[in-house]
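Here's the letter readout for the chains.
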Amino acid sequence: MAARAWNLSVRIETAARVDADTLGTLTRQGPVIVATSLDAARTLLRDPSLTWDSGRTALIDLALRTRRGDAFAVSDLDAPGWIERFTAQDRTLAPAGQQLVQGQFPLAPGESRAIGIARAEELLDLGHPGWRERTVWRREALASGRTGAVDRPGTTWRDRPAIDRGNGIYLAGDQVAAPGLLSEVSFNSGIEAALLALKASESRNTARTSTAGLDLKQG
Ligand SMILES: Cc1cc2nc3c(=O)[nH]c(=O)nc-3n(C[C@H](O)[C@H](O)[C@H](O)COP(=O)(O)OP(=O)(O)OC[C@H]3O[C@@H](n4cnc5c(N)ncnc54)[C@H](O)[C@@H]3O)c2cc1C
């Protein structure tokens, strides 16, 4: 994908943070698409209206010694929770003889990460017998605002912050006004933002050409 972009004259710069001042300079040069999280976009664009609900999720990652019969996926039907053995699809994710198991446990507002991890351990007890003794490596985390947009009852994706922010600035991301689920929202808003930016760029160039034509006539 990087090679294809390069051949289309796209220049990619990584590990470079953009700040609000740099963004201001860029917008004077042409249309800009801000494709960060909504929180980061709020700071970059100094626009406090850029907010939308998202979820909080406790995460657990495990490397377990292989046991025949371990489930591929375990879904909690009593509370939200999901555990998946990713080495079932791709063996290279863990060393030989081990399995990569990852779990996600959505948390209610105010619930702690520890509560989510306790639910994860209960589900592991049910779905992966002997997992505690078989654990070779373990990691836990809390993903806050990282699982896309949550639309409250009575709202839809159309009510989220609009892609077109005016003055040649466009937003892409998983919490902006575009349809889809999770990262699909980022893809869909990215495509829409690119189309709008190209359109703005074309009208800018047409306006410049017409002004140049006018100058020539007057000259
Ligand atoms: C546990 C978990 C499981 C998930 N599972 C799925 C799934 O199965 N399917 C699915 O579709 N989605 C899933 N998601 C959601 C998915 O990860 C997100 O929707 C997706 O990553 C959003 O992509 P994005 O490009 O919009 O934003 P991000 O991936 O957040 O990328 C934004 C980038 O902007 C950069 N950035 C921020 N500020 C600046 C700055 N000032 N200058 C330069 N760069 C900056 C950040 O470093 C980051 O790299 C999951 C999320 C979690 C947490």
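All figures in this text were calculated on a predicted structure; none of them were measured in a lab.

About the thresholds
Residues numbered from 1 in each chain as written. Predicted model: local features only at pLDDT ≥ 70, side-chain atom pairs only at ≥ 80, totals over all residues. Heavy atoms only, no water. Domains from an automatic or database assignment. Near = heavy atom within 4 Å. Polar contact = N/O pair within 3.5 Å; in protein donor to acceptor, adjacent residues only side chain to side chain. Areas by Shrake-Rupley, 256 points an atom, 1.4 Å probe, with all protein chains shown as cover. Helix = DSSP H or I, 4+ residues; strand = E, 2+ residues; numbered from the N terminus. Nonpolar A, V, L, I, M, F, W, Y, C, P; charged D, E, K, R; others polar. Core = buried A, V, L, I, M, F, W, Y, C linked by side-chain atoms within 4.5 Å. Buried < 20%, exposed > 50% of the residue type's maximum accessible area, 1.4 Å probe, protein only. Contact = heavy atoms within 4.5 Å. 1 Å grid on protein atoms, 1.4 Å probe; cavity = no way out; pocket = protein on both sides within 12 Å on 5 of 7 lines; lining within 4 Å. Points joined across faces, edges and corners; volume = space filled by probe spheres on them. Arc of directions from axis to C-beta. Pairing = 2+ DSSP bridges. Axes fitted to C-alpha atoms, helices over the stretch in contact; angles between N-to-C directions. Salt bridge = Lys/Arg side-chain N within 4 Å of Asp/Glu carboxyl O.

Splitting the protein by domain gives domain 1 (2-52 + 153-218) and domain 2 (56-144). Computed from C-alpha coordinates alone, the two centres of domain 1 and domain 2 are separated by 37 Å.

Here the focus is the site of the ligand. Around the ligand sit 17 residues in total, of which V18, R146, D174, S183 and S186 are the nearest. At 2.6 Å from an oxygen atom of the ligand is found a side-chain nitrogen or oxygen belonging to S183. Take S186: an N or O atom from its side chain is 2.7 Å from an oxygen atom of the ligand. Protein burial of the ligand: of its 1,000 Å² of free accessible surface, 59% is covered by the chains. Contributions of two or more residues to the shell around the ligand are made by helix 3 (38-44), strand 6 (135-149) and helix 6 (183-218). The element that contributes the greatest number of residues to the shell around the ligand is strand 6, accounting for three residues. Residues belonging to the shell around the ligand are distributed by class as follows: eight nonpolar, six polar and three charged. Each of domain 1 (2-52 + 153-218) and domain 2 (56-144) contributes no fewer than three residues to the shell around the ligand.

Another aspect to go through is the nonpolar core. Nonpolar side chains tend toward joint burial in soluble globular proteins. Ranked by internal contacts, the top residues of the largest apolar core, which has 17 residues, are L23, V34, L45, L50, I163 and L171. Residue assignment for this core shows that the elements contributing at least two residues are strand 1 (32-34), helix 3, strand 8 (169-171) and helix 6. Every residue in contact with I163, bar those within four places of it in the chain, is listed here: I169, Y170, L171, V176, A177, A178, S189, E192, A193 and L196. Counting 14 residues, the second-largest nonpolar core is a separate cluster that includes I60, V74, L107 and L124.

Picture a little ball the size of a water molecule; that probe, rolled over the atoms, points out where space is still empty. One pass over the full model with this rule turns up one cavity of 30 Å³ or more. The computed volume of the largest cavity comes to approximately 40 Å³. For the largest cavity, the full set of lining residues is V34, T36, S37, L38, A41, L171, A172, G173, D174, Q175 and V176. Residues of the lining of the largest cavity, tallied by class, amount to six nonpolar, four polar and one charged.

Within the span of helix 2 (residues 20-29), buried status applies to A20, L23 and T27. The buried residues of helix 2 occupy an angular sector of 55° when projected down its axis, which confines them to one face. Exposed side of helix 2, more than 90 degrees from the buried face: D21, R28 and Q29 are the residues found there.

Attention now moves to the sheet that holds strand 1. The three strands are arranged 1-8-7 in an open sheet whose pairing can be described as mixed. Across the chains shown, the open sheet's two edge strands, defined by having one partner strand only, are strand 1 and strand 7 (164-166). Across the sheet, the axes of successive neighbouring strands diverge by a mean angle of 25°, strand direction being ignored. Sheet analysis places strand 7 next to strand 8, joined by two bridges and oriented antiparallel. Looking at strand 8, one finds that D164 is bridged to Y170.

Let us now look at the pattern of salt bridges. Throughout the structure, instances matching the rule amount to 13 salt bridges. A salt bridge links D47 to R165; the nearest nitrogen and oxygen atoms lie 3.4 Å apart. Of this pair, D47 sits in the loop between helix 3 and strand 2 (54-65) while R165 is found in strand 7, placing the two residues 118 residues apart along the sequence. A relative accessible area of 28% means that R165 is categorised as partly exposed. Where D61 meets R139, a salt bridge forms, and the shortest distance between an N and an O atom there is 2.7 Å. Placement of the pair is D61 in strand 2 and R139 in strand 6, with a sequence separation of 78 residues. Taking relative accessible area as the criterion, D61 reaches 10% and is therefore assigned buried. Here the residues in one salt-bridge network are R113, E121, R138 and E140, joined through shared partners.

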